[in-house]
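Here are the chains, one letter per residue:
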Protein chains: 2
Amino acid sequence: MTQLEAVREGRITDVLKAAAARDAVDVSRLRDLVASGRAVVPANVGHTNLAPVAIGEGLPVKINANIGTSPERACVEEEAAKLRAALDAGAHAVMDLSTGGDLHAIRRELIAQCPAVFGTVPIYEVAVELGRQGRHITEMEPDHLFGVIERHAQDGVDFITVHCGVVRDSVARLQAEGRTCDIVSRGGAFLAAWVLANEQENPLYSRYDDLLEICRQYDVTLSLGDGLRPGCLADATDRAQVQETIVLGELVDRARAAGVQAMVEGPGHMPLDQIEANVRLEKRLCHGAPFYVLGPIVTDLAPGYDHISGAIGGALAAWAGADFLCYVTPAEHLGLPTPADVRQGVIASRIAGHAADIARGLPGAREQDDAMGKARRARDWERQAELALDPEAVRASRAVREALRRDAGQDPEDACSMCGRFCSVRIAAQALRGEALE
Amino acid sequence: MTQLEAVREGRITDVLKAAAARDAVDVSRLRDLVASGRAVVPANVGHTNLAPVAIGEGLPVKINANIGTSPERACVEEEAAKLRAALDAGAHAVMDLSTGGDLHAIRRELIAQCPAVFGTVPIYEVAVELGRQGRHITEMEPDHLFGVIERHAQDGVDFITVHCGVVRDSVARLQAEGRTCDIVSRGGAFLAAWVLANEQENPLYSRYDDLLEICRQYDVTLSLGDGLRPGCLADATDRAQVQETIVLGELVDRARAAGVQAMVEGPGHMPLDQIEANVRLEKRLCHGAPFYVLGPIVTDLAPGYDHISGAIGGALAAWAGADFLCYVTPAEHLGLPTPADVRQGVIASRIAGHAADIARGLPGAREQDDAMGKARRARDWERQAELALDPEAVRASRAVREALRRDAGQDPEDACSMCGRFCSVRIAAQALRGEALE
C-alpha cells in the first residue's frame, strides 16, 4: 500500500508522522493534504534509512541538490563528498544525475549514505547504456527504459523525473513557434529526439500505466519533468512549455487515481514578471500538485553567479506558491559543481525558501530572524553564529578578525572591524535608554 | 548654476548629455525627468574626472558600492584596491564611509581615482574628529558638522548622505513603539543620541537651509538618509521608519525649491511581502524622488551570504520602482569587505538590477540575454564569456576545464564537463532540424 493509498483510508503512517514532526505541522492536516495530492511524502519502501519530508501546499519550502558524475568525471568518493556537502548545508532532497562510471553502484552507494529524499532521472542510464554500445538514444527500446525505471525503484529511489509530457503534439508546437535555445533539459532532448526519429509517441506517455504500476509497487513518487522548459528568458512561457504543463496536469490526475504520488517540475529561465503567473498556472492546470522549480534564474547573463540569479527567482516562485526548489550552483552553465559549489547552492536556495516562508506568513517562520535581531542588538557573536544558516561561515569570519585583533594587542572579544567605537548598535542602545555613551 | 537649475531653464548641459548617452535615453526626456526631480544627475562642479550617470524613474537601475576604512583598519592602498574592484565589476557609484586614518587625504585620493559618482556621509568625520579629542558625538557643535559638510563639497563629493529626518518626533515614536534592533544606521544613531542628549532638534533639520546653501554652491546632490531604517525584519515598516519618510518627503520639496537635487534612502531589512509597499510609499510621500535602497535583505539568517539575500530584495525593490541599489557584500554583518567581497557584492547587485530592468520592460534590456541564449545554443564559449556580467569568472572556469581535458588527451575545445556527449543543446539542435545525431 502506498502512502497515498494509506492516507486515503485515513491512516497515519510512521512516514507521515515523521514528516509532520519535521515541519511541526498537525499530522491530520498533513494526511488530508497528501490524500488530496496537494502535498507528497516521497518514501520508497526500500529506502530504509530515509528521514521523511513532506513537500507541498502551505508547508515550509524544501530544497533539492543535484549531484552526479559525468562521462569524463566519474568518482564515487567525489559524489559522496558532494552528498555530504548537500546534507550538511541543509538540503532536504538530493538527485543523483550521474552519467559516468558504474551508475548502478554509484546510486546504491549514495542511497545507502542518504537520509534525505533521493531522486533520479532514469532515462540518463538508458542513454549511457546505449552509448556504451555505440548507439544513440533514438534507438532506445521502450522496454529498456521501463526496465531501468524498475531498477531505480528497486534500489530505493524515492522520486523519479520522467518527461512524460514531451509528446508529439508539444514538440510540434515547439517547432512551429520556434525557439532561441531549443531544448535544454537532457531528458527532454532525448525524448524529443526519439519521438521525432521514430515518429511514435513518447513511451512514457503511451505506456504511462506501466510507469504507474512500477511506482505503485515500490511507492515511488513521480516528478513529472518539464522536458520542454525554456533555456533562456526569450523562450519562457512559450506555447510548448504551457502545452506540456497541460499534459502533465492530466497525468497528475491519472497518477492520483492509481494511488501514486505526483509533483510537477517547472522552469528554469524566466523573467521576474512571469514567475508568479507560472506558479498559478501550474497550480491550476495540475490541480494543486506540488510545484518543483529549477531556479528559476532571472537573467541569462550571470554564469558563475547563477546561484544568485536562481535565489532571486526561487524566492519569488516560492512566495507565489512553489513548494520545492531545485538549487542552482555557481558552476551552472560552466561545468559540474564541486562540493564547495554544492554548499553555496544549497545555502542560496535555503535563503530563497526561508524568505518566502516568512513572506507567506508560515507559523514560526520568522522566529529565528527575530532572535537574530536580538542577538545583534546584544552583540552576541556566538548566538549570531548559532542562528545563522551557515554557522561555519560566521565562525570562520570571526576567527580571522579575532586573530587580527590579538596580533595588534587589542581585545579579541570585541572584534568588529566594521565600526569599532562608532558602533550604531551600542550607541543607539545607550542613547535610547538615557544612558551615558561609553 | 546647478544641474537642476540649468535643466529647468531648458538647457542641455554636457553632464546631462553624457548621462543620457550612457543609458541610451533621449536627452530631452532625461532633462524633463531631472527638472521634475524624478531623476538626479549627481555631479559636483569640482569632480572633474566624473563620468556622469543619471538615477531615477524609468532609467536602468544603478549600483553603489560602499568602501572605506575603519578605526582599526585604515590603509589608503587597500581602499584604492576596493575602489578598483568596484569600478571593474561595474559599479556606477562608490561611497567612501571611512572612519579611520586621515579621512581628508583618503577621500581626496579616492575621488582623484574615481570616474564613478562619489558619495560620503560627512557626520562620520565629525564623530571621528570628536573621538580623537576624547569627546562623544553628543558633544557635536552644529557648526562643526556644517564645516565638515562644506569640506566634503569642496573636495568634489557628488552626493552626501544626511540623516535630516532623524527628528525629535521620529525618535520619540521609535521609543514609544519599541524595537527589536534599535537603530543600525550609524548616522541615525549619532543624531538620535545627539537629539536625546541635547534635547534640541536635529541641526540637519533645523538648519536645513544652511545645508541647501552649501549643496547649491557646489552642486552636491542630497541623499536623504533613512537614519531610522529597520535593522531586522521585525522592525521593518514601523512607525518611526514611516514617520521619517514623511519628513524626508517634505525635505525633498524644499531641496527642489532651492535648486538642489535630492534622492531618498530606504531599508535595509525587510520581508519580501513589504518591499513593493515600501517603494510605492516612498514614491508617493517623496513626490517621485529617486529611491536609493540598501539591499534590502529578506532574511536576517544569512550572514556570510547577505549579498544573496540583498540581491533577492534588491531585485524586487527595483522591479517595483527603486532606482538605485546600494550593494551588500558577503562580509555584511561580519566585518569590512575585502576587494574580493566588493566584487561579489557589485555583481550580485548588478544581477538584481538587470533582472528588474528586464521585468520593467526597459527598451533593449533583454538584448544581451537573448544573445546569450543564442551563444549557448551555438556552444560558443568565448561569446558567452563576452556577454557575461563577469567575463573573467567564465574564462577562469573554462581554463580549468580545458586544462583537465588537455591532460586527459581529450579535445580541449569541446570542454563541457556537464553532459559530455549527452549534451541536450546539441541533441535538440540536431533532432529538431531533422539531422542525424552525432
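In what follows, the structure referred to is the one given above.
Quick caveat, the model's predicted, so the values are computed rather than measured. Chains are numbered independently. Their residues run from 1 in the order of the written sequence. Here every chain gets a letter starting at A, and every ligand a number starting at 1, in the order they are written. Given that this is a predicted model, residues contribute local features only at a pLDDT of at least 70 and side-chain atom pairs are listed and counted only at 80 or more, while totals for whole chains, interfaces and linings are drawn from all residues. Excluded from the side-chain calculations are hydrogens and water; all other atoms, namely the structure's heavy atoms, are used.

S.K.: Account for the packing of aromatic side chains, with residues named and values stated.
M.R.: Two aromatic rings from Phe, Tyr or Trp, using only the six-membered ring of Trp, form a pair when their centres are within 6.5 Å; if the ring planes differ by under 30 degrees the pair is stacked, by over 60 it is edge-to-face, and anything between is tilted. Evaluated as defined, the whole model comprises 10 aromatic pairs over all chains. With a centroid separation of 6.1 Å and 70 degrees between ring planes, the pair formed by phenylalanine 159 of chain B and phenylalanine 324 of chain B is classed as edge-to-face. In this pair, phenylalanine 159 of chain B is assigned in strand β6 (residues 159-162) and phenylalanine 324 of chain B in strand β10 (residues 324-326), connecting sequence segments 165 residues apart. Accessibility assignment for this pair places phenylalanine 159 of chain B and phenylalanine 324 of chain B in one class, buried. Taken together, the ring pairs in this structure connect Tyr124 and Phe190 of chain A together with Phe422 of chain B into an aromatic cluster. Note on criteria: charge over ring means Lys NZ or Arg CZ within 6 Å of the ring centre, with the direction from the centre no more than 35 degrees off the ring normal. The ring of tryptophan 381 of chain A has arginine 398 of chain A sitting right over it, with the charged end atom 3.9 Å from the ring centre. Stacked on the ring of tyrosine 124 of chain B, the Lys or Arg arginine 186 of chain B has its end atom at 4.3 Å from the ring centre. Comment: elements are numbered from the N terminus, with helices defined as DSSP H or I runs of at least four residues and strands as E runs of at least two. For each residue, the accessible area found with a 1.4 Å probe, counting protein chains only, is set against the maximum for its type, and the residue is called buried under 20%, exposed over 50%, and partly exposed in between.

S.K.: Give me the sheet that holds strand β7 (residues 221-224) of chain A: which residues, what numbers.
M.R.: Strand pairing is assigned whenever DSSP identifies at least 2 bridges connecting the two strands. Sheet architecture is closed into a barrel: eight strands sit in the order β3-β4-β5-β6-β7-β8-β9-β10 (chain A), paired in parallel fashion. Between one strand and the next, the sheet's axes are offset by a mean angle of 25 degrees, whatever the strand orientation. A fitted line through C-alpha atoms represents every axis, and for helices the fit uses only the stretch in contact; the resulting angles, taken between N-to-C directions, go from 0 to 180 degrees.

S.K.: Any details on the sheet that holds strand β4 (residues 93-96) of chain B? Residues and values, ideally.
M.R.: All names here are of chain B. With parallel pairing, eight strands are arranged side by side around a closed barrel as β3-β4-β5-β6-β7-β8-β9-β10. Between one strand axis and the next, the sheet turns by 25 degrees as a mean value, whatever way the strands run. Both strand β9 (residues 291-294) and β10 contribute to a ladder of three bridges, which runs parallel. When the sheet's bridge partners are listed, tyrosine 292 is paired in β10 with phenylalanine 324. For this analysis, residues touch if any pair of their heavy atoms sits within 4.5 Å. Across the sheet, helix α4 (residues 76-89) lies against β3 (62-67) and β4, angled at about 165 degrees from β3, the strand it touches most.

S.K.: Please set out the interface of chain B and chain A residue by residue, giving values where relevant.
M.R.: Contacts between the two partners involve 104 residues from chain B, matched on the other side by 104 residues from chain A. Both sides of the chain B and chain A interface together cover about 8,700 Å² of buried area, and 68% of this is carbon and sulfur. As a working definition, buried area equals the accessible area (1.4 Å probe) given up by two parts on being put together, with both sides summed. Among the residues of chain B in contact with chain A, Leu301, Tyr305 and Phe422 of chain B are the three that bury the most area, contributing 9% of the side total. Any Lys or Arg side-chain nitrogen found within 4 Å of a carboxyl oxygen on Asp or Glu counts as a salt bridge. At the junction of chain B and chain A, the tally comes to four salt bridges. In this structure, the salt-bridge partner of arginine 433 of chain A is aspartate 182 of chain B, at a minimum N-O distance of 3.2 Å. Polar contacts, as counted here, are pairs of nitrogen or oxygen atoms within 3.5 Å of one another; within protein the pair requires one atom able to donate a hydrogen and one able to accept it, and residues that are adjacent in sequence qualify only if both atoms are side-chain atoms. Between the two partners, chain B and chain A, sit 18 residue pairs in polar contact (both at pLDDT 80 or more). The greatest single-element share of the side of chain B that touches chain A, amounting to 11 residues, is contributed by helix α15 (residues 339-359) of chain B. Note on residue classes: Ala, Val, Leu, Ile, Met, Phe, Trp, Tyr, Cys and Pro are nonpolar, Asp, Glu, Lys and Arg are charged, and everything else, Gly too, is polar. Grouping the amino acids of the side of chain B that touches chain A by side-chain chemistry returns 58 nonpolar, 24 polar and 22 charged.

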